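# Descriptive structure summary
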Amino acid sequence: MSITGKNIRKSFGDPSIEVLHGLDLIINDGEFVSISGRSGSGKSTLLYILSTLDKPSSGEIEIDGLNPYELSSHDLHEYRNKSVGFIFQFHYLLPELTALENVLLGPRNLGLQEEYKKRAIELMEEFEIGDQAYKFPSQMSGGQQQRVAIARALIMKPQYIFADEPTGNLDSITGLKVMKFLQKINKEDGTAIVLVTHEPDYAAMAEREIYLIDGKIASRDLDAHV
Amino acid sequence: MLYLAFRQMLSRKKQTLLIFLGVSFGTMIYIVIAGLQFGFRSYLYEQLLNNTSHVLITGKEGDIVEKEITPRFFGENEFVRWLIPPQGKRSESKLENPQSWFDRLSADPDVVAFAPRLSISGMASKSRHRTNVNITGIIPSRQVKITSLEDYMKVGSILDLSGGGNKLIVGSGVLKELGAKVGESINLSTGLGESRPFKIIGLIEMGNEQIDKVMVLGNIRDIQTLNKTPGRIGEITVALVDIKLSKEKADKWSLYSNDNVESWDEANAQFMQMISIQDIMRLVITGAILLVAGFGIYNILTIMISQKQKEIAILRSIGYGPDKILELFLFQGLMLGFGGGLLGIGLGFVINLFMESIELSMRIGKSNHLPVSYDLSIYITAFAAAQIAAAIASYLPARAASKLTPLEIIRSEMG
Ligand SMILES: Nc1ncnc2c1ncn2[C@@H]1O[C@H](COP(=O)(O)OP(=O)(O)O)[C@@H](O)[C@H]1O
Ligand SMILES: [Mg+2]
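Residues numbered from 1 in each chain as written. Chains lettered and ligands numbered in written order. Predicted model: local features only at pLDDT ≥ 70, side-chain atom pairs only at ≥ 80, totals over all residues. Heavy atoms only, no water.

### Focus on the interface of chain A and chain B
Taken together, the contact pairs 26 residues of chain A with 25 residues of chain B. Of all residues in chain A, Tyr92, Glu96 and Asn109 of chain A give up the largest surface area on contact with chain B, accounting jointly for 29% of the area buried on that side. At the surface where chain A touches chain B, the tally comes to two salt bridges. Where chain A meets chain B, there are nine residue pairs in polar contact (both at pLDDT 80 or more). Going through the elements one at a time, α2 (73-83) and α4 (105-109) of chain A are the ones with two or more residues in the side of chain A that touches chain B. It is α4 of chain A that contributes the most residues to the side of chain A that touches chain B, four residues altogether. A per-class count over the side of chain A that touches chain B returns 13 nonpolar, six polar and seven charged. (Contact = heavy atoms within 4.5 Å. Buried area = accessible area lost by both parts, 1.4 Å probe. Salt bridge = Lys/Arg side-chain N within 4 Å of Asp/Glu carboxyl O. Polar contact = N/O pair within 3.5 Å; in protein donor to acceptor, adjacent residues only side chain to side chain. Helix = DSSP H or I, 4+ residues; strand = E, 2+ residues; numbered from the N terminus. Nonpolar A, V, L, I, M, F, W, Y, C, P; charged D, E, K, R; others polar.)

### Points about the side chain of Asn109 of chain A
Its location among the elements puts Asn109 of chain A in helix α4. Residue classification places Asn109 of chain A among the buried positions, given a relative accessible area of 13%. A distance of 2.6 Å separates a polar atom in the side chain of Asn109 of chain A from a polar atom in the side chain of Lys324 of chain B. Leave out the neighbours within four places in its chain, and Asn109 of chain A touches Asn81 of chain A together with Gly319, Tyr320 and Lys324 of chain B. (Buried < 20%, exposed > 50% of the residue type's maximum accessible area, 1.4 Å probe, protein only.)

### Let's talk about the nonpolar core
By size, the foremost hydrophobic cluster in this structure holds 65 residues, and its most contacted members are Leu50 and Phe162 of chain A together with Phe329 of chain B. The leading source of residues in this core is helix α11 (residues 269-307) of chain B, at seven residues. Those residues in contact with Phe329 of chain B, other than ones at most four positions away along the chain, are Gln8, Leu301, Met304, Ile305, Ile312, Ser394, Ala398 and Ala401 of chain B. In terms of nonpolar packing, the next biggest core, distinct from the first, is built from 36 residues, Ile57, Ile135, Val170 and Phe198 of chain B among them. (Core = buried A, V, L, I, M, F, W, Y, C linked by side-chain atoms within 4.5 Å.)

### Here's the deal with the sheet that holds strand β4 (residues 58-63) of chain A
Residue and element names in this part refer to chain A. Judged by pairing direction, the sheet is antiparallel, and its three strands sit side by side in the order β2-β1-β4 without closing on themselves. A single partner strand is all that each edge strand has here, and the edge strands are β2 (17-28) and β4. Between one strand axis and the next, the sheet turns through 15 degrees on average, direction left out of account. The sheet contacts of helix α1 (residues 43-50) involve β1 (2-12), β2 and β4, and relative to β2 the element is tilted by about 55 degrees. (Pairing = 2+ DSSP bridges. Axes fitted to C-alpha atoms, helices over the stretch in contact; angles between N-to-C directions.)

### Examining the packing of aromatic side chains
Two aromatic rings are characterised by how far apart their centres lie and by the angle between their planes. Residues and elements named next belong to chain B. Considering all chains together, one arrives at nine aromatic pairs over all chains under this definition. Aromatic side chains Phe102 and Phe114 sit 5.9 Å apart centroid to centroid with 25 degrees between the ring planes, which places their arrangement in the stacked category. Of this pair, Phe102 sits in helix α4 (residues 98-107) while Phe114 is found in strand β2 (residues 111-126), placing the two residues 12 residues apart along the sequence. Across this residue pair, the class does not change: Phe102 and Phe114 are buried. Summarising the aromatic geometry, the rings of Phe338 and Phe383 are spaced 5.5 Å apart at their centres and angled 75 degrees between planes, so their arrangement reads as edge-to-face. Placement of Phe338 in helix α13 (residues 322-357) and of Phe383 in helix α14 (residues 376-403) is noted, with a sequence separation of 45 residues between them. (Phe/Tyr/Trp six-rings, centres within 6.5 Å; stacked < 30°, edge-to-face > 60°.)

Structure below.
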């Protein structure tokens, strides 16, 4: 069980400029991988390709041995619904819904909101936002909102979590807290985590670091680094 | 998605309310206008003497010819040489061969009923009071099958005229003019000078002063005798199994004789024209209002979608497919259309009830209230129009939203 990228290239614009120059990488089951590098080095672009939100211009993506772009639209959405959780820098919550309802959006898509309610509350308690369950996003702090977003990403017990600078908008204490949560999920639930960050400290908290320089992988295995 | 759509709408109470009212206003206006128009239409329609006659057969208003006039003035056997021969038009029409019409109409399976009539103008008088009247001779049993005159009888029945015997039913205005009462006798005279006594046995009131002032109904045989034209038939009204056949039948029958054969819409061309003008007016007004409401829905959704890009991206990344995004916004438009339509129906109905309840100082038809139609089709049309406007207005932006890919949004949001 893994996500494999083979010779991934990505270009934008016309005339096209190549942003990713033929990357090869594997995200193994249950692994915690960080992708770091300067701003503009292609971190987000790579993350979106690994998470099926974007298509590579050339090269191949395989998820558990399957090409996601050969799946039907229904199966692809089901994969995103059940197996993938996203956390973005801007903790997009739906302002009309309470924290709990936001967390339950994934299950609701399958009509399972009632079944998952208990787990949602447990998750929120674990993230120390249990008392926020019935509040609306506008009534919560940025850190609390981000933890709601993380709980939402985790509710379906996904196989993979893709996080794009989840700590980018948080102060360092809250940022560290979020990182600890991610580590804990990875250890306790065996959820694979792909974390994009430009902060070296956070990158180093992963089991494995991928460092991008101008769309190329500069360091493959920094196991020694950990 | 219905749930989320509902929540999103509730969070924009002001805009939602505004559009909601716009849609209900459009629906309401249609119901009010159509209620009044259809109400007046059926009132006017009933006022037409031949309201269920689909074909009207009338004699040509023949030229007055010397040969007919001479014996009336100078006796049968006089030879008269006119310096200026009499000329002009007869005011009453006369069918050339009524019996052949009776035979033809009786045998036609498309004919439900027909009623021959003779209409003449004359003078009614009682002691020193006199007034001009339109005297119509009818065959009562046949006439009631063709018109709803019976509904307007205040005293007596149309069928009381059966068998003749110089009995009359008169309009309420005629009674007033003459100072007469039902049960009393009045004199009728035609232009020829002779006058005959008739007994008033019934009172009719059409609710239209102009008509009620001159309306006099009698048995056709009595009227023929009064007019000294035994057997004369002025016109025949015909009811068909299907009003749509009237044109075709009229065209065919007109080949059989010299008489005029008119289908209903030809005979009432003015009425038909008024109806189509009303129809156009109603459609234009309602169309304009629904267009405004539709644009409102379209705009509110378009603005909302551009404000909610982040949320669309989140939903998409959670695995909500394009169809779910389409639903999210489509439902909001449809809910506005549905709710607004229902409210509009309610408001329209209440306003119609109110307008109908107003006591007018004049009589219209059977009462002194505005005639209002509560035909179900009005309500169905209004509601359907609101739904169609809402559906189109919400489908377009909703479809555009469903085509956004999550990444496009995330990238643009990240700057
Ligand atoms: N949609 C796009 N169109 C054009 N250029 C893009 C687009 N997305 C990203 N890029 C370019 O690709 C490069 C890498 O972007 P990105 O992956 O966002 O970098 P990072 O996340 O490491 O900051 C940048 O130079 C950026 O301008
Ligand atoms: Mg980035």
